[in-house]
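Coordinate analysis (summary)
Letter by letter, the chains look like this.
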Amino acid sequence: MRTDTDRPGLVGSSVKRVNDPRLLVGRGRFIDDISMPGMAHATIVRSTIPSGTVTSFDVADCEALLVLGVDEIAAATRPIPCVWIAPGQEQVEVPVASRQVRYVGQPIGIVVAPSRAEAEDAVECLAIDLAAEDGVADSLQALEPGAPLVYPERGSNIGVEFPIGDPSELVEEAMASAAVVVSRRLRIPRIVPSPLETRGVIADWNPGLEQLTVWMSTQTPHHVRDHIAHSLRLRADQVRVVAGDVGGGFGSKEHLYADELLVCLAAMRLGRPVKWIEDRVEHFTATFHGRDAYHDARLAMTEDGTFLAIHTSITGNLGAHFSNVGTGPFRVSAVMLPGPYRLPVAGASIRAVFTNTTPTGAYRGFGMQEAAWVRERLVDEAARELGMSAIELRRKNMYRSDELPLVTPTFQEYDSGDYGRALDLVDARVRAYAPAPPASARIRQGIAVATHVEFTGLGPSKAQDIVGFRLGGYETAVVRMEPDGSVFVSSGVMGMGQGIETTLAQLAADRLGVPLERVRVQLGDTGVAPYSAAGSIASRSMTVGGGAVVRASTALREKILRIAGAKLEVSPSDLELVEGQIHVKGDPRTGTSLEELVTRAWLGLDLPEGESPDLECKYVHEPLNISYPYATHAAAVSVDLDTGQVAVDAYWVAHDSGVVVNPMIVDGQIMGGVAQGLGIALFEKMLYADDGQPLSTTFMDYLIPLSSDVPTMVMDHYETPAPHIPGGMKGVGEGGTIVAPAAIGNAIAAALPEIAEQILETPLSPGRLWTLIHKAGLHDG
């Protein structure tokens, strides 16, 4: 169902994705599809222990084209800079290689051979000695007295700690004055990103041109280029990064990894192309993980359920070192903790802790999923303690549409929306739902909701600088109408399966009055695309990148109409551009064809005085603020008391992402996000032994949802345009993921009220629920 989105033109139309025909017939060009003459293949040598020292790295018996060890790599490279720096953060860059190993999977060398198999065989011939030391995997255990220190020279495993939001004195005063305070320790554990396409690199050094060309599966081509150039001591113009088709990223491909840099270094040493493709086992320890934070959270309210304050103490697991975004996910959890609720006081304290595990970084939902889990579980538990309807408690405390815009206690400038309407739409759907009777008396059923607000589209740049985020928040678009009337669009954002090639084309075609098939969108090549510091992260492709395309396309349209106005001797404001024709408004008989006018313009003919012949416009869009979409989700579940097995029977979403450019793509983004959130709710958890040795290394011991686990979804969309984004769009890529675990967790708690207060940590797997069911005596019937 769509509401408020019907409009003429391409914007708002569910056109099919322009790149699907090529992909569906197997003509995609992913990294492993690329082959080059003389190409060699690399294998990364990695630490097999969570903590210790490389005491020797002997290559004497290794037959390979090239072997680089720890010391040689360290001498040839500069450390990779961190981008998001927290207050008090001392570690602001990470060495590419070090003799001190701090997690299993840490790169300590590279071997290059004519084939991948030969490279892997050559690794077995290396004589590497590792002196093992004690390690620690859990962030709470890492804080205990006597715990192994990841960095002994620091004297503590705390990387940094700081508060966000209202000061602790104000928080404690609000808590003390409350009639009811709900307190829980909640957690979403460590998640492995698991895109369909793992990471991969092909690097080719041209010594004559002194040019390094890198093909990479990445979300951020310019950002990667800048860090390659920095670490290899090259000029930026000497490095070209090309990203073709990208088989998913989910945030895990938003930066340069040390192992990717090693491939570039190897290519420069050999003077021939070198390919490395991350295998799936490597992915479990080599690609940075997501989540992994404990929240000691409190929600305070009056006797009638009016919220007074919310606070969480976050103990976040950094892993072995600060990632590119460092404490960013923990910080976002803190600033988005209030959600859609009127909370006079809100804040958080953050402790970021080093452990001997793979570093944690960006992952779809980036801190907001944790905030939703914490807040929405507290709200449902508060309703239970108060004896109120959870929906009514939410409705009572939600911001009204006439209260927006506003600034939250955690400094978020909510822009536009009607949070209560999303809740009402889902409530109506749930009330109309008639669940099938359970197959057995041992099956419990439950339905519950969860709601959230998210931030999308990083920017503006000055605001990012204030919070220590060293990335520009602007985006640039170039839109050109060629002499034949076709349109070329170039942007620095990146396609990775989210359909951005189609939606950018829709924006340009809609404003320039040309058919969609006459628009070509070029992305992912730093040699062609305009500079983008941030690329496609944080649901910014449509809000920031799309906003730039809207402005550039509008400027080009205005230029075309000025030229046409001079030719037709009418004011440009009296003309309209529709389906390749320019004519006076209301009189399609008068006018000229767009193609004829454009052809003559490129010849320098029929131009008004002062107008240049080039039909190309460039626009740099610096957003005035982040945009804030929101949603309410509801889940209906069945829980088997004998096995602890959960089935999600039905799912509802009411979502507002501003102006919807392509409803079909938006639906797909939400469906995929919900499926990912369902996986986190019920299946996914990266397991480590206490010392940091990974226990999850394949999909046999790290479960992800199957298509049969994902229910049919009913979605309602409506629009409140983002007031500061050209085109009015808000981001949609992460919303489905953010609140799905909370909706499913709340539904399980509704089905099992006897253990509801213990529904605190995901995944809510059969084993976990079976244990809770048995402890509560529910297994006896």
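Residues numbered from 1 in each chain as written. Predicted model: local features only at pLDDT ≥ 70, side-chain atom pairs only at ≥ 80, totals over all residues. Heavy atoms only, no water.

**Description of the overall build of the chain**
Secondary structure assignment for the chain yields 19 helices and 30 strands. In terms of C-alpha radius of gyration, the chain reaches 27 Å, essentially the compact-globule figure of 28 Å for 781 residues. Long-range pairs, those at least 24 residues apart, make up 80% of the contacts in the chain between residues at least 6 apart in sequence. Carbon and sulfur atoms make up 53% of the accessible area of the chain, which totals about 28000 Å². Averaging the coordinates of the 65 positive side-chain charges in the chain and doing the same for the 96 negative ones gives two points 3 Å apart. (Helix = DSSP H or I, 4+ residues; strand = E, 2+ residues; numbered from the N terminus. Rg over C-alpha atoms; globule rule 2.2 N^0.38 Å. Contact = heavy atoms within 4.5 Å. Areas by Shrake-Rupley, 256 points an atom, 1.4 Å probe, with all protein chains shown as cover. Lys, Arg positive; Asp, Glu negative; His and termini not counted. Charge placed at Lys NZ, Arg CZ, Asp CG, Glu CD.)

**Focus on the nonpolar core**
One finds Tyr651, Leu682, Ile744 and Ile748 to be the most contacted residues of the largest nonpolar core, which totals 128 residues. Membership of the second largest hydrophobic core comes to 49 residues, among which are Val54, Cys62, Val263 and Ala267. (Core = buried A, V, L, I, M, F, W, Y, C linked by side-chain atoms within 4.5 Å. Buried < 20%, exposed > 50% of the residue type's maximum accessible area, 1.4 Å probe, protein only.)

**Some remarks on the pairing of strand 23 (residues 519-522)**
Note that strand 22 (residues 487-491) and strand 23 share four bridges and pair parallel. In the sheet register, Phe488 faces strand 23, and the bridge partner there is Arg520. Assessed by its sense of winding, the connection that carries the chain from strand 22 through helix 14 (residues 500-512) to strand 23 is right-handed. (Pairing = 2+ DSSP bridges. Right-handed = clockwise from strand over helix to strand, strands pointing away.)

**Description of the side chain of Arg540**
Relative to the helices and strands, Arg540 is located in the loop between strand 23 and helix 15 (541-568). A polar atom in the side chain of Arg540 sits 3.2 Å from the backbone oxygen of Tyr474. (Polar contact = N/O pair within 3.5 Å; in protein donor to acceptor, adjacent residues only side chain to side chain.)

**A closer look at the pairing of strand 15 (residues 290-301)**
In terms of burial, strand 15 is a largely internal element, ten of the twelve residues being buried. Note that strand 10 (residues 180-191) and strand 15 share eleven bridges and pair antiparallel. Considered in strand 15, the bridge of Arg184 is made with Ala297. With nine bridges joining them, strand 15 and strand 16 (residues 307-319) adopt antiparallel strand pairing. From the neighbouring strand, Ala293 faces strand 16, where its bridge partner is Gly316.

**Observations concerning the domain arrangement of the chain**
What the domain assignment lists for the chain is domain 1 (20-27 + 474-621), domain 2 (34-133 + 196-248 + 253-286) and domain 3 (290-458 + 625-775). Distance from the C-alpha centre of domain 1 to the C-alpha centre of domain 3: 38 Å. Each side of the interface is counted separately: domain 1 has 20 residues, and domain 3 has 18 residues. Overall, the association of domain 1 and domain 3 removes approximately 1400 Å² of surface from exposure, summing both partners, and the carbon and sulfur fraction of that is 66%. For the domain 1 face of the interface with domain 3, the top three residues by lost area are Ala538, Ser539 and Thr543, together amounting to 36%. Taken together, the connections running from domain 1 to domain 3 amount to zero salt bridges. One can count four residue pairs in polar contact (both at pLDDT 80 or more) joining domain 1 with domain 3. Broken down by secondary-structure element, the contributors of at least two residues to the side of domain 1 that touches domain 3 are helix 14 and helix 15. (Domains from an automatic or database assignment. Buried area = accessible area lost by both parts, 1.4 Å probe. Salt bridge = Lys/Arg side-chain N within 4 Å of Asp/Glu carboxyl O.)

**Observations concerning the layout of surface pockets**
In this model, the second largest pocket occupies a volume close to 630 Å³. Elements that contribute at least two residues to the lining of the second largest pocket include exactly strand 9 (158-165), helix 9 (328-335) and helix 13 (461-466). Counting residues per element, the lining of the second largest pocket draws most heavily on strand 9, which supplies four residues. Among the residues making up the lining of the second largest pocket, the classes are represented as 18 nonpolar, six polar and two charged. (1 Å grid on protein atoms, 1.4 Å probe; cavity = no way out; pocket = protein on both sides within 12 Å on 5 of 7 lines; lining within 4 Å. Points joined across faces, edges and corners; volume = space filled by probe spheres on them. Nonpolar A, V, L, I, M, F, W, Y, C, P; charged D, E, K, R; others polar.)

**Observations concerning helix 7 (residues 258-270)**
For helix 7, which comprises 13 residues, the first-to-last C-alpha distance of 19 Å matches the rise-based estimate of 18 Å (1.5 Å per residue) to within 8%. Among all positions in helix 7, only Ala258, Asp259, Glu260, Leu261, Leu262, Val263, Cys264, Leu265, Ala266 and Ala267 are buried. Phi for Gly271, located one or two positions after helix 7, is positive at around 70°. (Expected span 1.5 Å × (residues − 1).)

**What about the pattern of salt bridges?**
Counted according to the given criterion, the structure contains 54 salt bridges. The partner of Glu260 in a salt bridge is Arg199, with the nearest N and O atoms 3.1 Å apart. Of this pair, Glu260 sits in helix 7 while Arg199 sits in the loop between strand 10 and strand 11 (200-206), placing them 61 residues apart in sequence. In this structure, Glu260 and Arg199 share a single accessibility class: buried. Among the ionic contacts, a cluster of salt bridges with common partners joins Arg46, Arg116, Glu120, Arg199, Asp259, Glu260, Glu278, Asp279 and Glu282.

**Details of the environment of Ala776**
Assignment of secondary structure puts Ala776 in the segment after helix 19 (766-775). As a C-alpha pair, Ala776 and Ile755 span 21 residues in sequence and 7.0 Å in three-dimensional space.

**Quick word on unusual backbone geometry**
Geometrically, the link from Leu404 to Pro405 is a cis peptide bond, its omega value of 0° lying close to zero. Cis geometry is adopted by the peptide bond preceding Pro460, which originates at Gly459 and carries an omega value of -5°. Tracing the sequence through the fold places Pro460 in the loop between strand 20 (443-453) and helix 13.

**A few points about the sheet that holds strand 26 (residues 587-593)**
Pairing is antiparallel in the open sheet, where three strands are placed in the order 24-25-26. Across the chains shown, the open sheet's two edge strands, defined by having one partner strand only, are strand 24 (575-578) and strand 26. Going across the sheet, the axis of each strand differs from the next one's by a mean of 35°, ignoring polarity. Of the pairings in the sheet, the one linking strand 24 to strand 25 (residues 581-584) comprises four bridges and is antiparallel in character. Paired with Leu575 across the two strands is Val584, which belongs to strand 25. In the packing of helix 15 onto the sheet, contacts are made with strand 24, strand 25 and strand 26, and the angle to strand 24 comes to roughly 120°. (Axes fitted to C-alpha atoms, helices over the stretch in contact; angles between N-to-C directions.)

**Some thoughts on the sheet that holds strand 16**
Strand order in this open sheet of five strands is 9-17-16-15-10, and the pairing throughout is mixed. Among the strands making up the open sheet, the edge pair consists of strand 9 and strand 10. Neighbour-to-neighbour, the strand axes of the sheet open up by a mean angle of 10°, direction not taken into account. This element, helix 10 (residues 368-386), spans strand 10, strand 15 and strand 16 of the sheet and lies at about 145° to strand 10.

**Looking at the confidence of the model for the chain**
Residues of the chain with pLDDT of at least 70 account for 99%, and the chain-wide mean is 96. Every residue in residues 1-7 is under pLDDT 50, and counting partners more than four places away or in other chains gives 20 contacts. (pLDDT = per-residue confidence, 0-100.)

**Overview of the side chain of Asn19**
One can find Asn19 in the segment before helix 1 (20-24). We classify Asn19 as buried; its relative accessible area is 10%. With near-sequence residues (within four places) excluded, Asn19 lies in contact with Glu501 and Thr502.

**Regarding the packing of helix 10 against helix 11 (residues 390-397)**
Running from N to C, helix 10 and helix 11 cross one another at 115°; their axes reach a closest spacing of 9 Å. Between helix 10 and helix 11, the angle is such that the two are roughly perpendicular. For helix 10 against helix 11, the interelement crossing comes out right-handed. Counted together, Glu376, Val379, Asp380, Ala382, Ala383 and Leu386 of helix 10 and Ala390, Leu393 and Arg394 of helix 11 form the full contact between these two elements. Grouping the constituent residues of the contact of helix 10 with helix 11 by class yields six nonpolar, no polar and three charged. (Parallel < 35°, antiparallel > 145°, perpendicular 65-115°, else oblique. Left-handed = near helix turned anticlockwise from the far one by under 90°.)

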